[in-house]
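A closer look at the structure
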Amino acid sequence: MFFNLISNAFKFTPKGGKIKIKISRDKEYIHIKVKDNGIGIEQEKQEKVFDRFYEVESHKENASIYNQGTGIGLNIVKNIVQLHKGQIKLQSEVNQGSTFLISLKLGKEHFSEDQIISDFKFSDDVTQYTNQLENTNLVTEPSSIDFTNDDEKSTVLVVEDNVSLRSFMAQLLKQNYNVLEASNGEEAFKIAVNNNPDIIVSDVVMPVMAGTELCSKIKEDVRTSHIPVVLLTSRSSLIYKLEGLESGADDYLSKPFDINELQLRVKNLLSYKSRLKKKFGNGDMFTPDEVSVSSVDDELMKKAIQIVEYNIPNDHFDIPTFCSDLGVSRTMLFIKVKAWTNFTPNEFIQHFRMKRAAQLLELGTLNISEVSYKVGFRNPKYFSKCFQKVYGETPSVYSKKFSV
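These remarks concern the structure in this document. (Residues numbered from 1 in each chain as written. Predicted model: local features only at pLDDT ≥ 70, side-chain atom pairs only at ≥ 80, totals over all residues. Heavy atoms only, no water.)

1. Section: the sheet that holds strand 4 (residues 97-105)
Spatially, four strands are ordered 1-2-4-3 in an open sheet, and the strand pairing comes out antiparallel. At either margin of the open sheet sits one strand with a lone partner, and together these are strand 1 (19-25) and strand 3 (87-93). The average angle at which neighbouring strand axes cross in this sheet is 10°, direction not considered. Summarising the sheet, strand 3 and strand 4 pair through seven bridges and their orientation is antiparallel. Note on strand 4: the bridge partner recorded for glutamate 93 is glycine 97. (Pairing = 2+ DSSP bridges. Helix = DSSP H or I, 4+ residues; strand = E, 2+ residues; numbered from the N terminus. Axes fitted to C-alpha atoms, helices over the stretch in contact; angles between N-to-C directions.)

2. Structural notes on the packing of aromatic side chains
In this structure the tally under the stated criterion is nine aromatic pairs. Look at phenylalanine 322 and phenylalanine 348: their rings are 6.1 Å apart centre to centre, the planes differ by 10°, and that puts the pair in the stacked class. Here phenylalanine 322, found in helix 10 (residues 319-326), pairs with phenylalanine 348, found in helix 12 (residues 345-363); they are 26 residues apart in sequence, far enough to count as distant. Taken as a pair, phenylalanine 322 and phenylalanine 348 share a single burial class, namely buried. The structure contains a cluster of three or more aromatic residues connected by ring pairs, namely Phe377, Tyr382, Phe383, Phe387, Tyr391 and Tyr398. Lysine 217 extends its terminal NZ or CZ atom over the ring of phenylalanine 189, reaching a point 4.3 Å from the ring centre. (Phe/Tyr/Trp six-rings, centres within 6.5 Å; stacked < 30°, edge-to-face > 60°. Buried < 20%, exposed > 50% of the residue type's maximum accessible area, 1.4 Å probe, protein only. Lys NZ or Arg CZ within 6 Å of the ring centre and 35° of its normal.)

Structure (structure tokens):
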């Protein structure tokens, strides 16, 4: 109700205008006033603004100023007010603005028993999740989990301010992953920078730093931009999903979530990352054009591939030069390349050199030594050894397969 009233005020108030919100109470009611100094609504149209799909027509000269919506916001507000046995009134004058006045009764005596959910549980209530485990062997009592690293497992950072729910999620994911925990976005960001988790699962509504802000920081910082983020929130309205996606979230799940769905979302995102790594292991040449730039990390990966491709013939190209050209430290280069490909930086460079060597050998216009020099090897014998390690045969045997 609040969101739609305020959104409506913004929609019809030009830049530099004023929107005021006042909340007061007396012995029986809470009174809410949302006032703007926007374009206002003509008298004969004021009753229609609460109709579903009705949209106020702005003056033609102001058409580019105001956002157009679906026409359901004020209808939703009116329905909510009526369900709560309240009253809503509109006062408006063209070019002077509009004021929406809402009065809601205090207490709950004005509701019938069947209108009150006596056993209502908030989305963070852990019993909603433990009840899903009746047919499993997973321990359901929340407890703290010490992080123990298993190199064979991916690492998940769980960010949730509700201690019981965070502990439950950690137990749930610990079956298949290493688990790190944080109670808010600020704490989580520090952990992400220092521990480089493979994925982050974060609540949205938290103290200190919200999940959407955490997600934005993760995606904008070169140290963490490769980490996928799943956002969880009890606010299921489309606007909050859009807010999460705009902050760079890779996936979104509304609370209370199904525990099997949570596990599948995490698994699928990690599988998506692994597919990129496999791309580097097959026989196709991976080019910068194949990278769809949608984030800081995509841009960095594209730049890294361009740098290596440009330096394939350069026998002086090494890791310090790579770091300098990419603008990252040696440690960060290792983290990024490992996240993209599962290679070390040296293996990353070697990958592109071997792919280019194979292309040149297939053309058949150069001898083995010439190919060796073209891909940055000073020693043709060492080149042949490296090539055989990748392709399982010597360069000469490989090239003969393509000779006419």
